[in-house]
Amino acid sequence: MALLSVQNLKLTFGGPPLLDGVSFDVEPMERICLIGRNGEGKSTLFKILSQEMASDSGEVISKTGLRMARLIQEIPAHMDGTVRSIVFGNEEHEGYSAKEAILGKTGIDPELPYDSLSGGQKRRVLFAKALALEPDILLLDEPTNHLDIPSIQWLEGILSRYNGAILFISHDRAFVRRLATRILELDRGQIRSWNCTYDQFVNYQMAQIEDEERANKLFDKRLAEEEVWIRKGIKARRTRNEGRVRALIRMREERKERRSRTGQVSMQITEADRSGRLVARLDNVSYSYEENPLIQPFSTEISRGDRIGIVGENGSGKTTLLRLMLGELTPITGDVRLGTNLEIAYFDQMRNRLREDKSLVENIGDGQEYIELQGKKKHVLSYLQDFLFSADRARGPISALSGGEKNRLLLASLFSRPSNVLVLDEPTNDLDMETLDLLADLLGEYKGTVLVVSHDRAFLDSIATTIIGIEENGMIYECVGGYSDYEKSKKRRETEITENVSLKQSKEISENRISTTKKKRSYKEEMEYNALPDKIEQLEAEIEKLQIELTDASVYTNPEKLIKIQTELAEKESLLLKFYERYEELDSIGS
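Definitions and cut-offs
Residues numbered from 1 in each chain as written. Predicted model: local features only at pLDDT ≥ 70, side-chain atom pairs only at ≥ 80, totals over all residues. Heavy atoms only, no water. Helix = DSSP H or I, 4+ residues; strand = E, 2+ residues; numbered from the N terminus. Buried < 20%, exposed > 50% of the residue type's maximum accessible area, 1.4 Å probe, protein only. Contact = heavy atoms within 4.5 Å. Areas by Shrake-Rupley, 256 points an atom, 1.4 Å probe, with all protein chains shown as cover. Lys, Arg positive; Asp, Glu negative; His and termini not counted. Charge placed at Lys NZ, Arg CZ, Asp CG, Glu CD. Core = buried A, V, L, I, M, F, W, Y, C linked by side-chain atoms within 4.5 Å. Pairing = 2+ DSSP bridges. Axes fitted to C-alpha atoms, helices over the stretch in contact; angles between N-to-C directions. Expected span 1.5 Å × (residues − 1). Polar contact = N/O pair within 3.5 Å; in protein donor to acceptor, adjacent residues only side chain to side chain. 1 Å grid on protein atoms, 1.4 Å probe; cavity = no way out; pocket = protein on both sides within 12 Å on 5 of 7 lines; lining within 4 Å. Points joined across faces, edges and corners; volume = space filled by probe spheres on them. Nonpolar A, V, L, I, M, F, W, Y, C, P; charged D, E, K, R; others polar. Salt bridge = Lys/Arg side-chain N within 4 Å of Asp/Glu carboxyl O.

Student: Is there a simple way to explain the overall build of the chain in this structure?
Tutor: Within the chain, the regular secondary structure consists of 20 helices and 20 strands. Among the 591 residues that make up the chain, the fraction classed as buried is 46%. Taking the contacts inside the chain whose residues are at least 6 apart along the sequence as the reference set, 67% of them involve residues at least 24 apart. Accessible surface for the chain amounts to roughly 31,900 Å². Of this, 48% is attributable to carbon and sulfur atoms. Looking at charge distribution, the chain has the averaged site of its 83 positive side-chain charges lying 9 Å from that of its 98 negative ones.

Student: Explanation requested: the nonpolar core in the structure shown.
Tutor: Proteins that are soluble and globular tend to have nonpolar side chains buried together. Within the largest apolar cluster, 46 residues are counted, with the highest numbers of intra-cluster contacts made by Leu-409, Phe-415, Leu-422 and Leu-443. In contact with Phe-415, not counting residues within four places along its chain, are Met-267, Gln-268, Ile-269, Thr-270, Leu-373, Tyr-383, Phe-387, Leu-422, Leu-439 and Leu-442.

Student: Help me out: how do you make sense of the sheet that holds strand β9 (residues 190-194) in this one?
Tutor: By definition, the strands of a sheet pair up through backbone hydrogen bonds, in either a parallel or an antiparallel sense. Spatially, β5-β6-β7-β3-β8-β9 is the arrangement adopted by the six strands of the open sheet, whose pairing is mixed. This sheet does not close on itself; its edge strands, each paired only once, are β5 (68-71) and β9. Pairwise comparison of adjacent strand axes, ignoring direction, gives a mean angle of 20° for this sheet. Across the sheet, helix α7 (residues 198-230) touches β3 (31-35), β8 (182-187) and β9, and the angle it forms with β9 is around 130°.

Student: So what exactly am I meant to see when it comes to helix α4 (residues 119-132) here?
Tutor: Residues that lie three or four places apart on an α-helix share one face, since the helix turns once every 3.6 residues. Taking 1.5 Å as the rise per residue, α4 with 14 residues should run 20 Å; its terminal C-alpha atoms sit 20 Å apart, in good agreement. Within α4, 11 of the 14 residues are buried, leaving the element largely enclosed by the surrounding structure. Those residues of α4 not exposed but buried are Gly-120, Lys-122, Arg-123, Arg-124, Val-125, Leu-126, Phe-127, Ala-128, Ala-130, Leu-131 and Ala-132. The first or second residue beyond α4 is Glu-134, which carries a positive phi of 50°.

Student: In this structure, what is going on with the side chain of Thr-270? I would like to understand it.
Tutor: One can find Thr-270 in the loop between α9 (242-257) and β10 (278-289). Residue classification places Thr-270 among the buried residues on the basis of a relative accessible area of 4%. A distance of 2.8 Å separates a polar atom in the side chain of Thr-270 from the backbone oxygen of Phe-415. When residues no more than four places from it in sequence are discounted, the contact partners of Thr-270 are Leu-373, Gln-374, Phe-415, Ser-416, Arg-417, Pro-418 and Ser-419.

Student: What is the right way to look at unusual backbone geometry in this model?
Tutor: Glycine aside, the phi torsion of most residues is negative, and most peptide linkages are trans. One non-glycine residue, Glu-134, lies in the positive phi region at around 50°. Tracing the backbone through its elements, the reader meets Glu-134 in the loop between α4 and β6 (137-141). Classification of Glu-134 by relative accessible area gives partly exposed; the value is 44%. The phi dihedral of Asn-473 is positive, around 60°, even though this residue is not glycine. Tracing the sequence through the fold places Asn-473 in the loop between β19 (466-470) and β20 (476-480).

Student: Help me understand empty space enclosed by the protein, please; the structure alone is not making it clear to me.
Tutor: Any empty space left between the atoms is revealed when a probe the size of a water molecule rolls over them. In total, this model carries two cavities of 30 Å³ or more according to the counting rule given. Considered as a void within the structure, the largest cavity measures approximately 140 Å³ in volume. Residue lining of the largest cavity: 16 residues in total, with Thr-144, Asn-145, Thr-428, Asn-429 and Asp-456 positioned closest to the centre. Of the residues contributing to the lining of the largest cavity, the split by class is four nonpolar, seven polar and five charged. When its volume is computed, the second largest cavity comes out at roughly 50 Å³. As for the second largest cavity, its lining consists of Val-279, Ala-280, Ile-302, Met-325, Leu-326, Leu-338, Leu-342, Ile-344, Val-421 and Leu-451.

Student: Help me understand the pattern of salt bridges, please; the structure alone is not making it clear to me.
Tutor: Side chains carrying opposite charge are able to pair once their charged atoms draw close together. On inspection of all chains with the given rule, the structure shows 19 salt bridges. Taking the shortest distance from any N to any O, the salt bridge between Asp-187 and Arg-188 comes out at 2.7 Å. We classify Asp-187 as buried; its relative accessible area is 7%. As a salt-bridge pair, Glu-301 and Arg-281 come within 2.9 Å of each other at their nearest N and O atoms. Note that Glu-301 is positioned in strand β11 (residues 292-303) and Arg-281 in strand β10, a separation of 20 residues in sequence. In this structure Arg-281 comes out as partly exposed when scored by relative accessible area, which is 29%.

Student: I would appreciate a short explanation of the pairing of strand β15 (residues 370-373) in the present structure.
Tutor: The side chains of a regular strand alternate between the sheet's two faces. Here β15 shows a buried face lined by Ile-371 and Leu-373 and an unburied face lined by Tyr-370 and Glu-372. By the bridge criterion, four bridges tie β15 to strand β16 (residues 376-379) in an arrangement that is antiparallel. Each residue of the ladder has a partner; that of Leu-373, found in β16, is Lys-376. Between the end of β15 and the start of β16, which pair antiparallel, lie two residues, with Gln-374 showing a positive phi angle near 50°.

Student: Explanation requested: helix α15 (residues 433-445) in the structure shown.
Tutor: The terminal C-alpha atoms of α15, which comprises 13 residues, lie 19 Å apart, in line with the 18 Å expected from a rise of 1.5 Å per residue. Taken together, the buried positions of α15 are occupied by Met-433, Thr-435, Leu-436, Leu-438, Leu-439, Ala-440, Leu-442 and Leu-443.

Here it is as structure tokens:
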């Protein structure tokens, strides 16, 4: 029996329906990813499922006693209380013991105030709050936003073992690949269900889009032919088939009702003149914050055309490293040399470039109707349409935009200015998968240099030529390739360290075992030990005598005697070496 049954949901805010007869079921233990372009209504659907808003028609039928919890996309900046009080709410202390493990999973001190936490820590706390409700269905809206890669992998592990059903929205391909057992695609107000993995869905979706386009072209061709027929002369109109006329009217209505797929973003980067070959050289650079080491001494060289991905845990210093590379921060030690003719465009994860009190047009055009792209003028409204903003939306305030739309607008602002160095600090948050694909293709064709901070592993694999990872205690490691290459390299290093530690420990144990098993010489060994110095002295005297005999000229004229002395000398020297080794061995045992 389904935990949840969604039947014929409809919702319209003016214009085409946002939800147009949406129906689907959620079965126990399913891992369902809801996919769709920005603005298609995914978060709105979640609000209806959790009864935070109502649809125009249709119904959501829940299993009796169903518990549901929703993790929202936006993180509240302020909440009263500690981590513990937010996770458990007003629950009595008696109930804490059974659920204390939930707090431990966050890795955060439960007595810390919520407002003192970073964005990633706040998301962990909100996730723990959802888990504490012990829901039958978890609704997760972009759960990986603001999380670093270790935290995303932590989340993947918990969700993969979760006993309930999960319905989640995500644009993080690696995360979706790991978790999703079914895909729900929300497209033009309707839901398609794909019972397959994400990669299979991509192939099926492409084939479905091609079939739809072929069918639409065939329909449009037939419609055009019928329109030609209906416009024929008087004679033709007198004798025309009335059934054919009615069919044409139906075709016109069908074409009018057709909703075309949302167009793709049409991005292009305005490139400046080439920079010099050298973009930046860091020589033994380090940085500390309030006397705490953040970046350990590190050297690297960035050349024109490099695409560098920077990774690390939240708070590890990724943005600081970016600023050191750009000469915006003075290192504590070492030197930074910047190249010549650098034109830098900066994508700020906090979106500080956007002026919230201005419209989209004012943010892009800065009071001008036209902007210049690659030496050609283009109207600001036309440019914003390339980024899927209608004229009405473009004249409206930024405050009305979703997170994904704000990121798209920031890219529009960034790409409208000439650059030969692109610096992107968390550009992938909230962007839909198709826009991410286009951005990756664009960066691959960009002739300048790219520095990007991102927690999106699939995105880094698609664009990076080198990964710079900030690891424990500010140590920095550099690896050629994408994130998968860096992760393999890191695992190899960790394995080598573990093996070396194990080898050292085994050696120490062995040495300790030797020293503890035989702490004192036996009576026989003591007698041998005391006799060895005299034996060594006597043997050394005999060796010296033989060596003197070898200097006698008469020995060299007598081959038999020469061979006899040399053989005897070699035997005594070998015996002397053994006496020395035995003496050291007995001496180490002790009396």
